[in-house]
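A look at the structure
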Amino acid sequence: MSRPLVLITAPVPDNLRDQLDKHYATLDLPADACLATAVEPRQAKHVCGILCMATTPVNEQVLAHFPQLRVVSNFAVGFDNIDIDAATKRRILVCNTPGVLDAAVADLTIGLIISLSRDLVRGDAYVRDGSWEQAGPPPLTADIRGKTLGLLGMGRIGREVARLAQAFNMPVLYHNRSPDHEADASGLAQYCSRDTLFAQADFLSVHVPLTPQTRSSIGEHEFSLMKPSAYLVNTGRGAVINETALVTALRTGQIAGAGLDVMAQEPLPASHPFCKLPNVILQAHVGSATVETRHAMITLATHNLLDALGNNRPQAMVNPHLLDSDAPSAQSETP
Ligand code: NAP
């Protein structure tokens, strides 16, 4: 009988690969592979697990292609690439990597806030292209101390950003669907309505997940509420923002600028209007992209997969209730 097969689209280092190889055959595929067409039915019937990047689509068609699939382990905390309802209906466990990347993403968020307010990217160009020599010092910039930080979504990453903002004496407002009473009581941040958040923030930072409710939810209305001196920072997911409306708001001076780590289309084509706007700082979806954080993420994602297949409780699950209910799980092909 063939060994149970694990599909891998994430970068797994040798030490973790050895642990997988002890029990499973593995098949490496590109991060953006269509798994349903990339794996022929003869092999598909042996697939018990998928260890994937957040850019690997795991939709109903993919899930239906693998009759023995028991776990999808995402190498990311966001799971908008996976049809969770379809997986849950099929009793397939979905795992992710919360917590281990909070600090890296929060650091980048604060980095973007400082870069925007102190105009660091244009400041660098000003020195390199000789403007300093020819025209003297560049224009003055602005402090972040005392400026209001607005967090749309204050979960794990948002809270970490709020903690860092305290070091800069920034008052923090936030909006979630439900208030975080502990954050309010401790003085970490103050809950407010969504409209108040957009109207009062000097820096509006996006940390909500991409869901049907949040998709394209920041647009004309929200930009019309923002101060002309305010900046938008997005280290969440690009598609949460209506990018056409954002380009207009940036071009017309409705808002002062934006720092974007994520975009609706990734990689962002160099021809995109964002790349032509001087008041935008762009990053290539690198929120968690440090050696230490990526190592912690792949370790957690691999252990999640091994635990699920070995009938142990994984550390991080998106649909944990599958393990707590009585219904039998998909037939195991694992040793
Ligand atoms: P989390 O702990 O689940 O926090 C998400 C927060 O958003 C929660 O406080 C939630 O509160 C709030 N929220 C959800 N839907 C909302 C809505 N419709 N309106 C207002 N608030 C809403 O997630 P996290 O670990 O902080 O991660 C956040 C996101 O960051 C991930 O989903 C991912 O997309 C992104 N991310 C990006 C990178 C990167 O490389 N740039 C890296 C990691 C993560 P309520 O449930 O009370 O609404």
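For the structure itself, look to the data block above.
Residues numbered from 1 in each chain as written. Predicted model: local features only at pLDDT ≥ 70, side-chain atom pairs only at ≥ 80, totals over all residues. Heavy atoms only, no water.

Here we look at the site of the ligand
Defined as follows: In these notes, residues near a molecule or strand are those with any non-hydrogen atom within 4 Å of it. Here a polar contact means two N or O atoms within 3.5 Å. Within protein one must be a hydrogen donor candidate and the other an acceptor candidate, and residues neighboring in sequence count only if both atoms are side-chain atoms. Throughout, the ten residues Ala, Val, Leu, Ile, Met, Phe, Trp, Tyr, Cys and Pro are labelled nonpolar, Asp, Glu, Lys and Arg are labelled charged, and all others, Gly among them, are labelled polar.
Around the ligand lies a shell of 26 residues, among which R156, I157, R177, S178 and D261 are the nearest. In the model, an oxygen atom of the ligand is placed 2.7 Å from a nitrogen or oxygen of the R177 side chain. Take S178: an N or O atom from its side chain is 2.8 Å from an oxygen atom of the ligand. Of the residues belonging to the shell around the ligand, the class tally is eight nonpolar, 14 polar and four charged.

A word on the packing of aromatic side chains
Aromatic ring pairs are defined here through the distance separating the ring centres and the angle between the ring planes. Heads up, the condition is: Only Phe, Tyr and Trp rings are paired, with Trp represented by its six-membered ring, and only when their centres lie within 6.5 Å; those with planes under 30 degrees apart are stacked, over 60 edge-to-face, the remainder tilted. Every helix listed is a DSSP run of H or I at least four residues long, and every strand listed is a run of E at least two residues long, numbered separately from the N terminus. Throughout this description, buried means an accessible area under 20% of the type-specific maximum (1.4 Å probe, protein chains only), exposed means over 50%, and partly exposed covers the range between.
All told, the structure shown has two aromatic pairs when counted by the stated rule. Summarising the aromatic geometry, the rings of Y174 and Y191 are spaced 5.3 Å apart at their centres and angled 70° between planes, so their arrangement reads as edge-to-face. Pair noted here: Y174 is in strand 7 (residues 172–175) and Y191 is in strand 8 (residues 190–191), with a separation of 17 residues, a long-range link. Residue Y174 is classed as buried on the basis of its relative accessible area, which comes to 0%. Their ring planes at 10° and their centres at 5.5 Å tell us that F203 and Y231 sit as a pair that is stacked.

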